[in-house]
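# Breakdown of the fold
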Amino acid sequence: MATANKNLSHYDKEQIPSAKNFRFGIVVSEWNEEITEALYKGAEETLLDCGALLENITRYNVPGSFELTFGAKALIEKTKPDAVIAIGSVIQGETKHFDFVCQATAQGIMDLNVQTDTPVIFCVLTDNNMQQAKDRSGGKHGNKGSEAAVAAIKMAVLAQ
Ligand SMILES: Nc1c(NC[C@H](O)[C@H](O)[C@H](O)CO)[nH]c(=O)[nH]c1=O
Ligand SMILES: CC(=O)[C@@H](O)COP(=O)(O)O
């Protein structure tokens, strides 16, 4: 099902465990800051709405999505969270660089899920243009940060 057929911000709190007793790490890429800050806002608001405590949310910033893997690994090693959300926005430019950044970032985050006991949620938008990114970070398709927060809570429970 494409994102266009599913609002990323819709969730049923009755179907989500309380996040009260969990600690979360969120690593945020500074590239396309307008988008990544909106994704962070959506993720933080949803975590809090589902019972998480603000003092149990730790944020790291990294320069770009390619650095999300290193940032998430550092968050895991230094803060021992129950789950990590990796937030980025990659937008197609003139060259093939988009392909390499997206592939490396997705693979790096998947590697962390395999190599560590901490769930790392892939909250990286990979869009053809800025409008698609805006639509998925609080626009007409909702906020992928909210979707990622729900995934983080559910995976934290699974990882217990
Ligand atoms: N073009 C985008 C980038 N590029 C930067 C890389 O992520 C990386 O920081 C650089 O290659 C140095 O290692 N990053 C994004 O997150 N989004 C983009 O659209
Ligand atoms: C995803 C990127 O790295 C890309 O936005 C960079 O733009 P360009 O391909 O025009 O160098």
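What you are looking at is a predicted structure, and each value in this text was computed from that prediction instead of being measured.

## What about the packing of aromatic side chains?
Here the structure, examined in full by the defined rule, presents one aromatic pair. Each ring, one from F22 and one from F24, has its centre 6.5 Å from the other, and the planes form 65°; the classification is edge-to-face. Over the face of the ring belonging to Y40 we find R59, whose NZ or CZ atom lies 4.5 Å from the ring centre.

## Describing the packing of helix α2 (residues 68-79) against helix α3 (residues 97-115)
Packing of α2 against α3 leaves a shortest axis separation of 8 Å and a crossing angle of 20°. For the element pair α2 / α3, the angle class is roughly parallel. Pair α2 / α3 crosses with right-handed handedness. Across the interface between the two elements, L68, T69, A72 and K73 from α2 touch T105, G108, I109 and L112 from α3. For the contact of α2 with α3, the residue count by class is four nonpolar, three polar and one charged.

## Thoughts on the UniProt feature "active site" (unreviewed entry) in the protein
Under the UniProt annotation, "active site" (unreviewed entry) lies at H97. Residue placement: H97 occurs in helix α3.

## What about the site of ligand 2?
Near ligand 2 the following residues occur: V90, I91, G93, E94, T95, H97 and F98. Between ligand 2 and the protein, one listed contact pairs an oxygen atom with a backbone N or O atom of E94 at 2.8 Å. Between ligand 2 and the protein, one listed contact pairs an oxygen atom with a side-chain N or O atom of T95 at 2.6 Å. Listing elements by their share of the shell around ligand 2, those giving two or more residues are β3 (83-91) and α3. Class assignment of the residues belonging to the shell around ligand 2 gives a composition of three nonpolar, three polar and one charged.

About the criteria used
Residues numbered from 1 in each chain as written. Chains lettered and ligands numbered in written order. Predicted model: local features only at pLDDT ≥ 70, side-chain atom pairs only at ≥ 80, totals over all residues. Heavy atoms only, no water. Phe/Tyr/Trp six-rings, centres within 6.5 Å; stacked < 30°, edge-to-face > 60°. Lys NZ or Arg CZ within 6 Å of the ring centre and 35° of its normal. Axes fitted to C-alpha atoms, helices over the stretch in contact; angles between N-to-C directions. Helix = DSSP H or I, 4+ residues; strand = E, 2+ residues; numbered from the N terminus. Parallel < 35°, antiparallel > 145°, perpendicular 65-115°, else oblique. Left-handed = near helix turned anticlockwise from the far one by under 90°. Contact = heavy atoms within 4.5 Å. Nonpolar A, V, L, I, M, F, W, Y, C, P; charged D, E, K, R; others polar. UniProt positions renumbered as here; feature names shortened; annotations may be inferred. Near = heavy atom within 4 Å. Polar contact = N/O pair within 3.5 Å; in protein donor to acceptor, adjacent residues only side chain to side chain.

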